[in-house]
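Residues per chain are reported as follows:
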Amino acid sequence: MRAVIETTHGDRERAAMVAAAVAPDNTDEMATTVDGETVRTVIERESTGGLHATVDDYVVNCTVADELTQTQS
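Read on for a plain summary of the structure. (Residues numbered from 1 in each chain as written. Predicted model: local features only at pLDDT ≥ 70, side-chain atom pairs only at ≥ 80, totals over all residues. Heavy atoms only, no water.)

### Here's the deal with the sheet that holds strand β2 (residues 30-35)
To summarise the sheet geometry, strands pair through backbone hydrogen bonds and adopt either a parallel or an antiparallel arrangement. One open sheet holds the three strands; their spatial order is β1-β3-β2, and the pairing between them is antiparallel. The open sheet has two edge strands with one neighbour each: β1 (2-8) and β2. Neighbouring strand axes in the sheet, compared pairwise and without regard to direction, differ in orientation by 15° on average. Two elements, β1 and strand β3 (residues 38-44), share seven bridges in a ladder whose sense is antiparallel. Bridging from a neighbouring strand, Glu6 pairs with Arg40 of β3. Along the sheet, helix α1 (residues 12-22) makes contact with β2 and β3, crossing β2 at roughly 170°. (Pairing = 2+ DSSP bridges. Helix = DSSP H or I, 4+ residues; strand = E, 2+ residues; numbered from the N terminus. Axes fitted to C-alpha atoms, helices over the stretch in contact; angles between N-to-C directions. Contact = heavy atoms within 4.5 Å.)

Listed below in structure tokens is the structure:
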């Protein structure tokens, strides 16, 4: 099972900050990259339930990181 999550953050600096904030929580089955204002994370899991739980956690972490970068701008 695989999920690809792409989020945009307005500019390169904010995208880099969001990626830096979420990357420490990545497991070996996750990869986060930045391309301009876009953060792209690929998550792979063997089960649908595991994928769902990981995506759920990632989305919460990404949302918080994005909110925090808004206060830094």
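### Some words on the environment of Val18
By secondary structure assignment, the location of Val18 is in helix α1. Taking the C-alpha atoms as reference points, Val18 and Ile43, separated by 25 residues in sequence, lie 17 Å from one another. Filtering out sequence-adjacent residues up to four positions away, Val18 remains in contact with His9, Val39, Cys62, Ala65, Asp66 and Thr69.

### Overview of the nonpolar core
Counting residues in each nonpolar core, the largest one holds 13 residues, and the members touching the most others are Val18, Val22, Val39, Ile43, Tyr58 and Cys62. When contributions to this core are tallied by element, the ones reaching two or more residues are β1, α1, β3 and α2 (48-72). When sequence neighbours within four positions are dropped, the list of residues in contact with Tyr58 reads Ile5, Val22, Met30, Val39, Thr41 and Ile43. (Core = buried A, V, L, I, M, F, W, Y, C linked by side-chain atoms within 4.5 Å. Buried < 20%, exposed > 50% of the residue type's maximum accessible area, 1.4 Å probe, protein only.)

### Remarks on α1
Helical periodicity: at 3.6 residues per turn, an α-helix aligns residues three or four positions apart in one direction. Among all positions in α1, only Arg14, Ala15, Val18, Ala19 and Val22 are buried. In a view along the axis of α1, the buried residues occupy a sector of 135°, so they form one face of it. Exposed residues pointing more than 90 degrees away from the buried face of α1 are listed as Arg12, Glu13 and Ala20. Near the N-terminus of α1, the side chain that reaches the backbone nitrogen of Glu13, with its oxygen 3.1 Å away, is that of Asp11. (Arc of directions from axis to C-beta. Polar contact = N/O pair within 3.5 Å; in protein donor to acceptor, adjacent residues only side chain to side chain.)

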